[in-house]
Amino acid sequence: MNVLILAANGRIARIVEQRLLSAPKFDNINLTLVLRNSKRLVHLSDQPRVNIIEGDIEDFDVVNQAMQGQDLVYVSNVDITHDNSITVNVIQAMLNNNVKRVISSNAIGIYDEVQGEFGRMNRDAIDYVFTEIVNSEKLLVNSGLDYTILRLPWLNDNEEINYTVTTRYQKFYGDYVSRQSVAELVLKIIDNPVYGLNDSLALAIPNKQEQPHSDF
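Because the structure is predicted, anything quoted here is derived from the model rather than measured.

Trainee: For this particular structure, what's the right way to read the packing of helix H2 (residues 60-67) against helix H3 (residues 85-96)?
Mentor: The description of two helices packed together rests on the angle between their axes and the distance between the axes. Interaxial distance between H2 and H3 falls to 9 Å at its minimum, and their mutual angle equals 40°. In terms of axis orientation, H2 runs oblique to H3. Judged by the twist between their axes, the crossing of H2 over H3 is right-handed. The segment H2 lies against H3, with Phe60, Val63, Asn64 and Met67 engaging Asn89, Val90, Gln92, Ala93, Met94 and Asn96. Broken down by class, the residue content of the contact of H2 with H3 amounts to 6 nonpolar, 4 polar and no charged.

Trainee: Sorry, what's going on with the side chain of threonine 81 here?
Mentor: You can see threonine 81 is positioned in the loop between strand S4 (72-75) and H3. Discounting residues that sit within four places of it in the chain, threonine 81 has contacts with Glu58, Ile86 and Glu132.

Trainee: Explain the environment of threonine 87 here, please?
Mentor: Mapping threonine 87 onto the fold places it in helix H3. The spatial distance from the C-alpha of threonine 87 to the C-alpha of valine 63 is 11 Å, given a sequence separation of 24 residues. The residues touching threonine 87, leaving out its near neighbours within four places in the chain, are Asp79, Ser136, Leu139 and Leu140.

Trainee: Is there a simple way to explain helix H6 (residues 179-191) in this structure?
Mentor: Owing to its 3.6 residues per turn, the α-helix aligns residues three or four sequence positions apart on the same side. Relative to the 18 Å expected for 13 residues at 1.5 Å per residue, H6 spans 18 Å between its end C-alpha atoms, a close match to the ideal helical length. Among the residues making up H6, those that are buried are Arg179, Gln180, Ser181, Val182, Ala183, Leu185, Val186, Leu187, Ile189 and Ile190.

Trainee: Hey, could you run me through the pairing of strand S10 (residues 199-204) in this one?
Mentor: Side-chain direction in a regular strand flips from residue to residue, so the side chains alternate between the two faces of the sheet. Of all 6 residues making up S10, 6 are buried, and the element is well covered by its neighbours. Of the two faces of S10, the one holding Asp199, Leu201 and Leu203 and the one holding Ser200, Ala202 and Ala204 are both buried throughout. Where strand S6 (residues 146-152) lies against S10, 4 bridges are found, and the strand directions are parallel. From the neighbouring strand, threonine 148 faces S10, where its bridge partner is aspartate 199. Inspection of the sheet shows strand S8 (residues 164-166) paired to S10 by 3 bridges, in the antiparallel sense. The residue bridging threonine 164 from the neighbouring strand is alanine 204, located in S10.

Trainee: Would you mind showing me how to read helix H5 (residues 130-141) here?
Mentor: Helix length check: H5, at 12 residues, gives a terminal C-alpha distance of 17 Å against a target of 16 Å (1.5 Å per residue), a fit within 8%. Along H5, the residues classified as buried are Phe130, Glu132, Ile133, Val134, Ser136, Glu137 and Leu140. The secondary structure elements touched by the buried residues of H5 are H3, strand S5 (101-107), helix H4 (116-126) and S6.

Trainee: Which parts of the structure should I look at to understand the environment of histidine 43?
Mentor: Tracing the backbone shows histidine 43 in the loop between strand S2 (30-35) and strand S3 (50-54). A C-alpha to C-alpha distance of 38 Å links histidine 43 and arginine 168, two positions 125 residues apart in sequence.

Trainee: Is there a simple way to think about the side chain of serine 200 in this case?
Mentor: The residue serine 200 is located in strand S10 in this model. Within polar-contact distance, the side chain of serine 200 engages the side chain of tyrosine 111 at 3.0 Å. Leaving out residues up to four positions away in the same chain, serine 200 has contacts with Tyr111, Ile149, Arg151, Thr166, Thr167 and Arg168.

What counts as what
- Residues numbered from 1 in each chain as written.
- Predicted model: local features only at pLDDT ≥ 70, side-chain atom pairs only at ≥ 80, totals over all residues.
- Heavy atoms only, no water.
- Axes fitted to C-alpha atoms, helices over the stretch in contact; angles between N-to-C directions.
- Helix = DSSP H or I, 4+ residues; strand = E, 2+ residues; numbered from the N terminus.
- Parallel < 35°, antiparallel > 145°, perpendicular 65-115°, else oblique.
- Left-handed = near helix turned anticlockwise from the far one by under 90°.
- Contact = heavy atoms within 4.5 Å.
- Nonpolar A, V, L, I, M, F, W, Y, C, P; charged D, E, K, R; others polar.
- Expected span 1.5 Å × (residues − 1).
- Buried < 20%, exposed > 50% of the residue type's maximum accessible area, 1.4 Å probe, protein only.
- Pairing = 2+ DSSP bridges.
- Polar contact = N/O pair within 3.5 Å; in protein donor to acceptor, adjacent residues only side chain to side chain.

Right, here's the structure in full:
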């Protein structure tokens, strides 16, 4: 299976890459990693299952070249470009190269699904890019591709995997979750590509079925 990771130097992306290259269950995965400065992943350059491409994913030609021969695409950053060039490039390159499966990062709050005071804080935090992230979601939903949108909550670097998933039409309860947990969900989808198919998934700490708190 060939997996393309765009914005491959992101903190979650690096966790995903390390797990894909170290866990025996993923021995059949070949990685193509696209990032602006390839030196940041030089430690992976001698891996036989890794192809590193230096380039900007806002450049369609870079994305289109990297897309050739791929089976699944993971876009590790949230598209906040004013014209959604990242999302547009990914969709067009996937269509050009007959690639169907994509995991795309986004943010909680795009459906007004976050409750209470934390919901208001979150909306204030994303307000400056709200149009862009909502439009990125709409572009993918209407693309005809097999998508999963990951709505990321506020993140921390705790060394734990502890999360539950809410789907598109469920209210979101929670606030923080670890980057390790997000990476685990990405790996779950790579391992079982029908999981979360054509849905929008958000992560939260389990059993937070009360009004989210705001004391950070």
